[in-house]
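If you want the building blocks of each chain, they are given just below.
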Amino acid sequence: MKKIYAILVIALLATNLSFGQTILKADPMHSKLTFTVEHFGISDVFGLFQKFDVTVTSSKPDFSDAVFELSTDLASINTEVKMRDDDLRSPHFFDVEKYPLMTFKSTSIKKDGKDRYKLTGNLTMHGVTKPVTMDLWYRGTMLDQMSKKQRYGFQLAGTLNRYDFNIGPSYPEIAISNLVRIKADGEFIK
């Protein structure tokens with residue numbers, strides 16, 4: 001009898017914890033994960049990752065308690081220059097054979113204005129995990145008239161230091177800035 005009671009209590013708690021929770025997945029056709037880095041201090045090199053998954057989990061309608069999880073296939077990097085992309089995949093930079101994924105999981109979210117937040121979490125790439133804080137903008141929700149699904153918009157922006165993750169340590173900052181600007185725009189659906 002005690003076992004049945006315990007099972008019922010656990011089931012009831014699990015139901016209450018998941019009730020009202022929103023789980024969103026990025027729509028890959030309407031989402032981008034991009035970066036820019038200065039080259040010789042006179043121009044910016046632009047790139048993106050073509051394969052990534054993002055999940056947002058929240059129980060509040062304003063997403064003020066949201067948890068963001070990202071997994072990126074680093075081999076999908078694209079700067080529109082094959083020789084550079086191959087070098088970025090090599091042991092000189094990302095070493096995708098050894099470290100194929102970049103992951104992020106948020107640990108806190110703090111309000112920073114209307115629909116704006118500071119999103120902090122653990123970023124892992126090249127075998128290194130570090131806490132990072134990025135700017136998050138919740139751009140709103142709208143009903144897609146074609147699919148009849150709600151779409152949720154988010155934009156993430158911030159700057160990372162590639163040296164913190166041992167990315168391209170043999171390339172001096174004068175050639176390639178150590179600071180990499182990140183921008184992610186996403187549409188999400190339930």
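Attention here is on the structure that accompanies the text. On a predicted model such as this, the values are computed, not experimentally measured, just so you know. (Residues numbered from 1 in each chain as written. Predicted model: local features only at pLDDT ≥ 70, side-chain atom pairs only at ≥ 80, totals over all residues. Heavy atoms only, no water.)

All right, on to unusual backbone geometry then. Its identity as a non-glycine residue notwithstanding, phenylalanine 63 has a phi of 65 degrees, on the positive side. Structurally, phenylalanine 63 is set in the loop between strand 4 (52–58) and strand 5 (67–73). Judged by relative accessible area, phenylalanine 63 falls into the buried class, the value being 3%. In this model, aspartate 115 sits at a positive phi of 60 degrees, which is unusual for a non-glycine residue. As for its placement among the helices and strands, aspartate 115 is situated in the loop between strand 7 (101–111) and strand 8 (116–125). (Helix = DSSP H or I, 4+ residues; strand = E, 2+ residues; numbered from the N terminus. Buried < 20%, exposed > 50% of the residue type's maximum accessible area, 1.4 Å probe, protein only.)

To continue, consider the nonpolar core. One finds Phe94 and Phe154 to be the most contacted residues of the largest nonpolar core, which totals 42 residues. Ranked by residues supplied to this core, first place goes to strand 11 (residues 176–189) with five residues. In this structure, phenylalanine 154 is in contact with Leu24, Phe63, Phe68, Leu136, Trp137, Tyr138, Arg139, Ala184, Asp185, Gly186 and Phe188, ignoring residues within four places of it in sequence. (Core = buried A, V, L, I, M, F, W, Y, C linked by side-chain atoms within 4.5 Å. Contact = heavy atoms within 4.5 Å.)

Note that all results are geometric; they support no functional claim without further evidence.
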